[in-house]
Amino acid sequence: MSRPGFDGKLIMNTPIHCCTRRRFMVSIVVGMAATGAAPAQLDQLAGDIRVQGSRATFSVETVRPLESVAWTMLQEYNWPVTFEESMTVYPGDRIDVTSNFTSGGRAYRLRSERFEFSYDLGPGGEAPEGPAAVLRAALAA
């Protein structure tokens, strides 16, 4: 089945085309992982976990704190956490990084800030029983 896109060209939505797009995206991800590009980028997402007694404190300075929490929980506790971030539309979340003002265009990037929260560990300083309490603490922060 086809339908016109914004530019008047046809967008193909047949099962074959959807499958082709999926295979293409999977091949890109696999290719990045095979070349070592993905691990280097993902290591930048990792937050820091400090343990003191029966409490742990997660901290990171990043543009996307939820992504960092999800990646760190996977690395530390082997918890596959999924999330969905909203679009950033508030102008205060962006920084003007334009280096050449002669073109009239502007370049922006998202503002990064420090994100920190604490959570309880399991008995004897073990890993928490599950991700629910840790994620509630992250969302409350």
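Our structure's up above, just so we're on the same page.
All of the points below concern the structure found in this document. (Residues numbered from 1 in each chain as written. Predicted model: local features only at pLDDT ≥ 70, side-chain atom pairs only at ≥ 80, totals over all residues. Heavy atoms only, no water.)

With that out of the way, let us pick up the nonpolar core. Phe-58, Met-73, Phe-117 and Tyr-119 are the most contacted members of the largest nonpolar core, which has 17 residues in total. Looking at this core, the elements with two or more residues in it are strand E4 (55-62), helix H3 (65-77), strand E7 (113-120) and helix H4 (131-140). A total of four residues in this core trace back to one element, the largest contributor, which is H3. If near-sequence neighbours (up to four positions away) are discounted, Phe-117 is found in contact with Ala-56, Thr-57, Phe-58, Val-69, Val-134, Ala-137, Ala-138 and Ala-141. (Core = buried A, V, L, I, M, F, W, Y, C linked by side-chain atoms within 4.5 Å. Buried < 20%, exposed > 50% of the residue type's maximum accessible area, 1.4 Å probe, protein only. Helix = DSSP H or I, 4+ residues; strand = E, 2+ residues; numbered from the N terminus. Contact = heavy atoms within 4.5 Å.)

Bringing H4 into the picture now. The complete set of buried residues in H4 reads Val-134, Ala-137 and Ala-138. Buried residues of H4 fall within an arc of 100 degrees about the axis and therefore sit on the same side. Exposed residues on H4 whose side chains face more than 90 degrees from its buried face are Arg-136, Leu-139 and Ala-140. (Arc of directions from axis to C-beta.)

What follows covers the packing of aromatic side chains. This model, assessed by the stated rule, comprises five aromatic pairs. Centroid distance Phe-58 to Phe-115: 6.4 Å. Interplanar angle 65 degrees. Geometry classified as edge-to-face. In this pair, Phe-58 is assigned in strand E4 and Phe-115 in strand E7, connecting sequence segments 57 residues apart. Phe-58 gets classed as buried once you look at its relative accessible area, which sits at 0%. Where Tyr-77 meets Trp-79, the ring centres are 4.6 Å apart and the plane angle is 35 degrees; that geometry is what we call tilted. (Phe/Tyr/Trp six-rings, centres within 6.5 Å; stacked < 30°, edge-to-face > 60°.)

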